[in-house]
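Structural description and commentary
The primary structure of each chain is shown beneath.
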Amino acid sequence: MTGTASSTGGVDEALRAEVERFVAHPVVLVASDYDGTLSELVDDPGRARPNEAAVLALRLLAHLPQTHVALVSGRSLHDLTILSGLAGEARLVGSHGSEFEPGVIDGMHPGADGLLDAITATIAELADRVPGARVERKPASVAFHTRQVDPLLVPDLVASVLLGPGSLPGVSVKHGKDVVELTVVDTHKGIALQQIRAAVGADAVFFVGDDLTDEDAFTALGADDVGVKVGVGPTSAGHRIDDVAAVAELLGLVASRRAVRT
Ligand SMILES: [Mg+2]
């Protein structure tokens, strides 16, 4: 879906005005993706450290009254907890919105574990034949990372994943940056965001994300909410900023404006 967001670099006047409207709501939820949004995309996902200014802003927000913070990521909740350093302050949701408690997957049906084992084995076989390919098993999915694979090989590889294990009943496919992920649960970030919104009783939601899977969250936003896409690519978010540094600037602005209001 193509939205009206245009590329503006940092935080433009329209977005500043939106922040002012957002912070005036009685109860607010500020939610963010992790990789490519709070942290730079790196070759080794275990080293994706968050932007310090962004974390400080989220921490400040989390301690303000009637102000809630959430991170919703494709990572396992275990990884998200360790990397973000925000457990206890932010609500952390892993596995694309299906993992609210470590290892507990919403919507995981009987037999899904066996199916996940089978598709993981198939993907691992495929990856073994390709230099740079990396397989990551998560609680409800298996991710096939192609960031370090020869770009000429990637289209055929992805096609093999989609036509093979990706086409099995009970398996759904999520496309991300340099990754294709096969999940055995049918949930997404938009559903998770609505669950958190209801749990905290938020009057307005602010969501920032960079990837295709974040579009489910943008689509779930209403008239009083604010969606901000990071980087290039089609989006249904209302606003766009360039990069992680701009996210830190934006979250700092939200935190300081909200602090004045509460
Ligand atoms: Mg991301």
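Residues numbered from 1 in each chain as written. Predicted model: local features only at pLDDT ≥ 70, side-chain atom pairs only at ≥ 80, totals over all residues. Heavy atoms only, no water.

Observations concerning the sheet that holds strand E12 (residues 239-241)
Within a beta sheet, neighbouring strands are joined by backbone hydrogen bonds and run either parallel or antiparallel to one another. With respect to topology, six strands assemble into an open sheet ordered E3-E2-E1-E10-E11-E12, the strand pairing being parallel. With one partner strand each, in any of the chains shown, strand E3 (91-93) and E12 form the two edges of the open sheet. The average undirected angle you get between the axes of adjacent strands in this sheet is 20 degrees. Relative to strand E11 (residues 226-230), strand E10 (residues 204-209) is paired through four bridges, and the arrangement is parallel. By the bridge assignment for E11, phenylalanine 207 is matched with glycine 227. Packed on one face of the sheet, helix H3 (residues 77-84) meets strand E2 (67-72) and E3 and runs near 135 degrees to E3. (Pairing = 2+ DSSP bridges. Helix = DSSP H or I, 4+ residues; strand = E, 2+ residues; numbered from the N terminus. Axes fitted to C-alpha atoms, helices over the stretch in contact; angles between N-to-C directions. Contact = heavy atoms within 4.5 Å.)

Notes on empty space enclosed by the protein
Evaluation of the coordinates by the stated rule reveals one cavity of 30 Å³ or more. Taken together, Ser95, His96, Ser98, Ala140, Ser141, Lys174, Glu181, Thr183, Val185 and Thr187 make up the lining of the largest cavity. Of the residues in the lining of the largest cavity, the class split is two nonpolar, six polar and two charged. Counting the residues that make up the lining of the largest cavity, at least three belong to each of domain 1 (13-104 + 187-261) and domain 2 (112-183). (1 Å grid on protein atoms, 1.4 Å probe; cavity = no way out; pocket = protein on both sides within 12 Å on 5 of 7 lines; lining within 4 Å. Points joined across faces, edges and corners; volume = space filled by probe spheres on them. Nonpolar A, V, L, I, M, F, W, Y, C, P; charged D, E, K, R; others polar. Domains from an automatic or database assignment.)

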